[in-house]
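# Understanding the architecture of this molecule
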Amino acid sequence: MFSACTKSWTQEDERFVQAYTENLIVREQFANDSAQANKRVQGALSQYGFSEGVFRSRFNELSRNPEKLRQLLDSARNRARRIAEEEGKKELDRQNKGADSLKKNNQAPQQELR
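Definitions and limits used
- Residues numbered from 1 in each chain as written.
- Predicted model: local features only at pLDDT ≥ 70, side-chain atom pairs only at ≥ 80, totals over all residues.
- Heavy atoms only, no water.
- Core = buried A, V, L, I, M, F, W, Y, C linked by side-chain atoms within 4.5 Å.
- Buried < 20%, exposed > 50% of the residue type's maximum accessible area, 1.4 Å probe, protein only.
- Helix = DSSP H or I, 4+ residues; strand = E, 2+ residues; numbered from the N terminus.
- Contact = heavy atoms within 4.5 Å.
- Expected span 1.5 Å × (residues − 1).
- Arc of directions from axis to C-beta.
- pLDDT = per-residue confidence, 0-100.
- Salt bridge = Lys/Arg side-chain N within 4 Å of Asp/Glu carboxyl O.

### Topic: the nonpolar core
The nonpolar side chains of a soluble globular protein tend to be buried with one another. With 17 residues, the main nonpolar core has Phe16, Ala19, Leu45, Phe50, Phe55 and Leu72 as its most contacted residues. Those elements that place two or more of their residues in this core are α1 (11-29), α2 (34-47), α3 (52-62) and α4 (66-107). Ranked by residues supplied to this core, first place goes to α1 with 5 residues. Setting aside residues up to four positions removed in sequence, phenylalanine 55 forms contacts with Phe16, Ala19, Tyr20, Leu45 and Phe50.

### Description of the side chain of lysine 68
Tracing the chain through its elements places lysine 68 in helix α4. Excluding anything up to four places from it in sequence, lysine 68 contacts Ser8, Asp13 and Leu62.

### Focus on α2
Between its first and last C-alpha atoms α2 spans 19 Å; for 14 residues at 1.5 Å apiece the expected length is 20 Å, and the two agree. Restricting attention to buried positions, one finds in α2 the residues Ala37, Val41, Ala44 and Leu45. Taken end-on, α2 shows its buried residues confined to a sector of 95 degrees, consistent with a single buried face. Exposed positions of α2 whose direction lies more than 90 degrees from the buried face are Ala35, Lys39 and Gln47. In this structure, the buried side of α2 is in contact with α1 and α3. Positioned one or two residues after α2, glycine 49 has a phi angle of 85 degrees, which is positive.

### Some words on the confidence of the model for the protein
Averaged over every residue, the pLDDT of the protein is 85; residues scoring 70 or more account for 79%. For the protein, α4 is the element with the lowest average pLDDT, namely 83, and α3 is the one with the highest, namely 97.

### Focus: the pattern of salt bridges
Taken as a whole, this structure holds 10 salt bridges when the rule is applied. Glutamate 52 serves as the salt-bridge partner of arginine 56, at 2.7 Å between the closest nitrogen and oxygen. Taken together, the residues span about one helical turn, with arginine 56 and glutamate 52 both in helix α3 at a distance of 4 residues. Several salt bridges converge on common partners, so that one network encompasses Asp13, Arg58, Glu61 and Lys68.

Here it is, written out as structure tokens:
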């Protein structure tokens, strides 16, 4: 998925945004476990073809163009927010289905023992 934010949005920029989005999601999911978060971030970076050093270098390179970096980071934050909202809705749906199932089970007629 490519953004129409800028004419200079490249495949490399898209990969950076995807990796940064995953980084944000992982850091939120494992906010209380930095060791687990670091491990997952490494996996996410690798998934998008980055080592930590290459990712940092790309970030530093992008920082020379603050407007472009801002656009990329804003895009990553917005994607992470949307994903979190979608996951929250899915979780709420699962909880509601579970509650509905419990209601049905509690409303089932009880058989008398003879």
